[in-house]
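Residue-level structure breakdown
Letter by letter, the chains look like this.
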Amino acid sequence: MAVFDTPQEAFGVLRPVCVQLTKAPTTENVALFQAQLQVVSESALQDLQEYVLFPLRFTLKRPGPKRESMFQSVVQCVTLVLSTTCVKKPDLLQELFSELCVCLASPASPHQLAPLSEELKQALIQALLALLHSAGEDVIFSLYQPSNLPHLGFAVTLLLALAEQERAKQVKISAITCLQALILHCNCQKYHRPLDKEETRLCGDLFASFLPGISVALSRIITGDVKQSHAVIVSALKLFSQVISFVMADEQLAQIPPKKEKPALKQSRIAELMVHRGVDWSKSTAAKLSILIKKVVDSVIVHPHWKARKELVETVHHLMTKCNQSLVDSVGQLLKVLVCLVNDDSSEVQSQSCEVLKNIASQRVVAKNRHLVDVLSEDLHSFATALPRLMASQDDQGKLSSLNLLLGYLKLLGPQINVVLNSASHLQRLSKALMQVLELDVKDVKVVEERRGEPEGLGELPGLLLVHWSKGSGQRKCFRFFTDDRIFSLLQKVCQILGYYGNLYLLVDHFIELYRESAVYRKQAAMVINELIAGAAGPEVDLFHEQGTVRNTEDLKGLITSVLEEYLDPANWCLVTSVDAEEPPAEPATKGSELLAAPPGVLGQLPFGNSRPTVRSMNSNIWQICIQLEGVSSFACVLKEDFRLLLISALYSVLEKAGDGTLLIRQVAVGTLVDICLACGYSSVPDLINQNADYLVNGISLHLRHLAHHPHACQVLEAMLRHSDTNVLPLVEDVIEDMLAMLDQCHDDRASSFLRVMHTLTTKLASWFVLVDHAGKHLEPKGGPLLEAAWQLSGRPAAVPTAEELEQFFLEYVKQKQIAEGDLQDAEDEGKEEQLPLSDLEENDQVLEVEALLPPHARIAKEVMERCIHLLSNKSLCVRLKVLNILELCVTLLHPHENHLLPLAHRTWPALVSRLTNDDPLAVLGAFKVLCTLGTHSGDFLRRRFCKDVLPKLACSLVMQAPVSARAGPIYSHTLAFKLQLTVLQGLGLLCKTLDLGESDLNMVADTCLPYLSAKQPVKLQEAARSVFLHLMQMDPDATWFFLCSVWCPCAYDPPHPSLQPMKLSRMGKKRNEFTDNVQCLLDELLRREGATP
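A quick note: this is a predicted structure, and the numbers were derived from the prediction, not measured. The written sequence of each chain sets the order in which its residues are numbered from 1. In keeping with the predicted nature of the model, local features appear solely for residues at pLDDT of at least 70, side-chain atom pairs appear and are counted solely at 80 or more, and the whole-chain, interface and lining totals rest on all residues. Side-chain metrics rest on all non-hydrogen atoms present in the structure, leaving aside hydrogens and water.

The subject of this paragraph is the packing of aromatic side chains. Here a pair means two rings of Phe, Tyr or Trp (six-membered ring of Trp) with centres within 6.5 Å. Their orientation is stacked below 30 degrees between planes, edge-to-face above 60, and tilted elsewhere. Inspection of every chain in the model, using the stated rule, returns 14 aromatic pairs. Ring geometry for Phe479 and Phe488: centres 5.0 Å apart, planes at 40 degrees, overall tilted. Remark: exposure states derive from per-residue accessible area (1.4 Å probe, protein chains only) relative to the maximum for the residue type, with buried under 20%, exposed over 50%, and partly exposed in between. Taking the relative accessible area as the measure of exposure, Phe479 reaches 8% and is therefore buried. Since its relative accessible area comes to 18%, Phe488 is described here as buried. Aromatic side chains Tyr515 and Tyr567 sit 5.9 Å apart centroid to centroid with 45 degrees between the ring planes, which places their arrangement in the tilted category.

Pasting the structure below:
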């Protein structure tokens, strides 16, 4: 398309469309007009600017209703012309400015917006913006003459109404951008000549008339609907700071004459609208602006979008730079923003606030040449006064903002913080606020309910894993007045800053007094003290100042020693955390021989009397101990290796809590052990315990002698054993002997405590010394030579047996039958005839001598087992259960030493049988586990005893309980009777195998377990019953196959030899029944093992 460069050519092209548009203002003519504008060069269009604008202006001013689409097209054409050309005539600028503003106003009410579409409003705003940008540098200032004040006020009113009332985000932002251009603070890329001093003063005087309206309207926009876009708030904040700093600039106000100049007669009415920015006006305006600034700051400082908060920092910086003296009443409020946002979540906002604050801090003075420290101290004084009220009334977000502000004040004050702390009233207010907000919620019953599990020890954890354990061992605290974890993190930082900059002796003494004053403040005061001392070594926050005085290690050590003495005082350390229910009164023994009888009803707890602790008090005590343990960790981290000198007083107490029955206390205590280990330079927790075992063992030994006054000595020994390694055994051997001697003297009083230690001892001995199960025999499948040959010939199908194989099979069968019936005379005679060589006899004697000298761990296990035998009949069910667990471990430890194990097993058997046949189901369950372990490690020794004393009653009980489990629903799997059935069935097969039971006993076991192969039984019981038959297959596969086929026979079997009669089984050809699936599964497994097909 050709471009017309000369005015003549352009005029020839544009004249017809201009005439046509003037006569008939339609959308088509406007589009044709706009198309012709595209083919005219900028220079030619500049010469024809007024001619081209005439039909457009004429159309805009035409009276009567207009089509909005045509109207919008005309406005867009005006924008196109103005953005391409430059307005060089003041009259044209003012006329166009007025005409565009009139288009935005309502004809009926000029001070209100016309009911136009959002698109048309956007187009008119863009046209105004293009007009302001197209005005030449000399022409633009004609608009800012006092005579044009009404026109400017009209435009400002309309644009503010658009920014405030419109819903469309883009219209709002465009209106604010246009206002910025109108006050000569445009953000566009186009170069604008800076104003000289006189121009700045004149424009400032002019816009002073609009300052109230603009500032109020913008404050309403900024603090309006939180759902509006953050971009609107950012633009409004920018304009808010620009217009205030333009009118209230210190440099301008200093040049204002004290009296207003007398205007000329013609300008007297306009002059009345002009504002004289004198001293009185400045003070009055600053006071009113401080209200708006506070309103804006309080709203934006908690805005969820980081860009809005960052723009607030820019606003504060702009106002404090330009209006430091004029807005003196707002300086504290502006500083508050920077102080609060210096700890913002956004790194951009945080870095920007830090930069501005450091700039202000470097100047040392602020408003009216006052020192920054004085301003901050006054603000902190007033804030500390209001802090208790704020902590009680605000929500989490408000508390977060207030604490951010407090932290910022403390960081800015730095070493000057003592100016505030030396005031007793303000220190009291600050401490009470911390006590109030740090109050814990102690209503959760789970903290008290979660008792001892069996946590893993720390004996095998290397250094790197200890670091991870230490970082992950913290317990989340539940506070009464807030739920946001960030608030607690801020409180920790506040206390650390106080400890870093403040007078540590003054602060610790003050909070120790609160600690002693009331149990209500004790937990909060301990938390504050912990963080104060941690902060003294260096807080985990960015700092603006260096520490005023370097902390002396000896001073810190003395301070920590005094705090430790307070923490470890028995009145604060040995608190009631549970009602001792581990030694309930004796319960009646379960009568009858029903091993699987339903468990007795749960014994109701006795109601708490007035002397009994409440759940709330026990919860509070638990948290107090945990916080004090955290304090020990913190002190160790502060002193590093110097803390080793304090271990003599701290380590025993920490180990005492590491063996506590409350889960939370134990977890925190273990974390404290790890922190001490890392801080003091020990390679591991066992190394820590072993190197300090001398005075630990001495303390335990002394306290065992006065157990009534020191009931927690057993907990220390238990913790030592749990978290140490094999090197500790020689060190604690004597104290274990003392403990066993004490157990002999007090079977009833302290048995439960001693048994906990013995259980931990045997558990650790088993993990340290039992590496290979020497006595656990993996018996090969026994049966006839036919089946053994079939198992050995892998991959070869079963063949017809030969005569020799048949003869060998029957000979083996007769021999096994004699053994099963107890006819062992021939075998014993044969054994007597075989004389051992002399060398073998000497070797046997040496072996006996070696076995007589038990190693230390086996000797301890033997002594523990001897004590436990006497406690198997204790009246307390809890004691009996612990004894059974310990016996199981002792059998495992003593299994390589049968000469010692078997006599002890002989002594144990009567009491064990009583537990199996006439006791609570829980005790039956534990006794059966001991029986399985004993059978695994003693073998033939228990065969006849088991078959005579236990197996009949066990079988009878299983048979009686089978119909109950078959009829039961899904809830039955959660009952104790089900668990007992399952345990017995799971262990019975292996027990039969290890004891090598005879044929008659195996038949009894098969008959007993058969009902559990029913499809009506719970799935887990069916699986356990199948496991019994799988073990029976290994012992006597032929008899097992015959038994199963008598229950369900899937097919007919052809005889292996023509001379034999066809085999007829009772269940051949019968229909499927409830046992079919499980029996078929077992038969398939049997055939798979044999490697043959029927």
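This next bit is on the confidence of the model for the protein. On average, residues of the protein score 81 in pLDDT, and 84% of them reach the 70 mark or higher. The predictor rates its confidence in each residue with pLDDT, a number between 0 and 100. Numbering goes from the N terminus for both helices and strands, where a helix is a DSSP run of H or I of at least four residues and a strand is a run of E of at least two. Model confidence for the protein, summarised as mean pLDDT per element, is weakest for helix 39 (residues 785-792) at 35 and strongest for helix 27 (residues 504-517) at 94. For residues 847-851, every residue scores under 50 in pLDDT, and the model assigns this stretch four contacts once sequence neighbours within four places are set aside. By definition, residues are in contact when any of their heavy atoms lie within 4.5 Å.

Below, the discussion takes up the side chain of Arg201. With respect to the helices, strands and loops of the structure, Arg201 is situated in helix 11 (residues 197-208). We call two N or O atoms a polar contact when they sit within 3.5 Å, provided that within protein one can donate a hydrogen and the other can accept it, with sequence-adjacent residues counted only if both atoms are side-chain atoms. Among the polar contacts listed, one links the side chain of Arg201 to the side chain of Glu198, at a separation of 2.6 Å. Not counting chain neighbours up to four residues away, the residues in contact with Arg201 comprise Gln252, Ile256 and Arg277.

Take the buried Ala, Val, Leu, Ile, Met, Phe, Trp, Tyr and Cys residues and link them wherever side-chain atoms come within 4.5 Å; each set so joined is a nonpolar core. By size, the foremost hydrophobic cluster in this structure holds 354 residues, and its most contacted members are Phe97, Leu182, Met248, Phe643, Met720 and Phe946. With 12 residues, helix 31 (residues 615-639) is the single largest residue contributor to this core. Look past the residues within four positions of Phe643 in its chain and what remains in contact with it is Leu564, Val632, Phe635, Ala636, Ala650, Ile676 and Cys680.

So, about the pattern of salt bridges. Salt bridges are identified by distance alone: a Lys or Arg side-chain nitrogen within 4 Å of an Asp or Glu carboxyl oxygen. Per the counting criterion, the structure on display carries 27 salt bridges. With its nearest N and O atoms 2.5 Å apart, the salt bridge here joins Lys89 to Glu50. Taken as a pair, Lys89 in the loop between helix 5 (68-84) and helix 6 (90-104) and Glu50 in helix 4 (residues 49-61) lie far apart in primary sequence, 39 residues in all. Residue classification places Glu50 among the partly exposed residues on the basis of a relative accessible area of 40%. Across the pair Asp345 and Arg486 runs a salt bridge, and its minimum N-O distance is 2.8 Å. Of this pair, Asp345 sits in the loop between helix 18 (331-341) and helix 19 (347-363) while Arg486 sits in helix 26 (residues 485-501); the two residues are 141 residues apart in sequence, bridging distant segments of the chain. Under the relative-accessibility criterion, Asp345 is labelled exposed at 60%. Arg486 sits in the partly exposed class, given a relative accessible area of 36%. When salt bridges with common partners are traced through the structure, they connect Arg57, Lys61, Glu95 and Glu99 into a single cluster.

Where helix 48 (residues 976-995) contacts helix 50 (residues 1019-1035), the two axes come as close as 8 Å, and the packing angle between them is 10 degrees. Between helix 48 and helix 50, the angle falls in the class roughly parallel. Residues Phe978, Gln981, Leu982, Leu985, Gln986, Leu988, Gly989, Leu990, Cys992 and Lys993 of helix 48 pack against Lys1020, Leu1021, Ala1024, Ser1027, Val1028, His1031, Gln1034 and Met1035 of helix 50. In this classification, Asp, Glu, Lys and Arg are treated as charged, Ala, Val, Leu, Ile, Met, Phe, Trp, Tyr, Cys and Pro as nonpolar, and every other residue, Gly included, as polar. Broken down by class, the residue content of the contact of helix 48 with helix 50 amounts to 10 nonpolar, six polar and two charged. Here the axes come from fitting lines to C-alpha atoms, over the contacting stretch only for helices, and the angles between their N-to-C directions go from 0 to 180 degrees. Between 65 and 115 degrees an angle is taken as roughly perpendicular, under 35 as roughly parallel, over 145 as roughly antiparallel, and anywhere else as oblique.

What follows deals with helix 50. An α-helix turns once every 3.6 residues. As a result, residues three or four positions apart point the same way. A helix's residues, less one, multiplied by 1.5 Å, set its expected span. When the terminal C-alpha atoms of helix 50 are compared, their 25 Å separation across 17 residues agrees well with the 24 Å that a helix rising 1.5 Å per residue should span. All of the buried residues in helix 50 are Leu1021, Gln1022, Ala1024, Ala1025, Val1028, Phe1029, His1031, Leu1032, Met1033, Gln1034 and Met1035.

Not every positive phi belongs to a glycine, and Leu184 is a case in point at roughly 65 degrees. As for its placement among the helices and strands, Leu184 is situated in the loop between helix 10 (169-182) and helix 11. Leu184 gets classed as partly exposed once you look at its relative accessible area, which sits at 25%. Phi angles above zero are rare outside glycine, and Lys640 is one such case at about 60 degrees.

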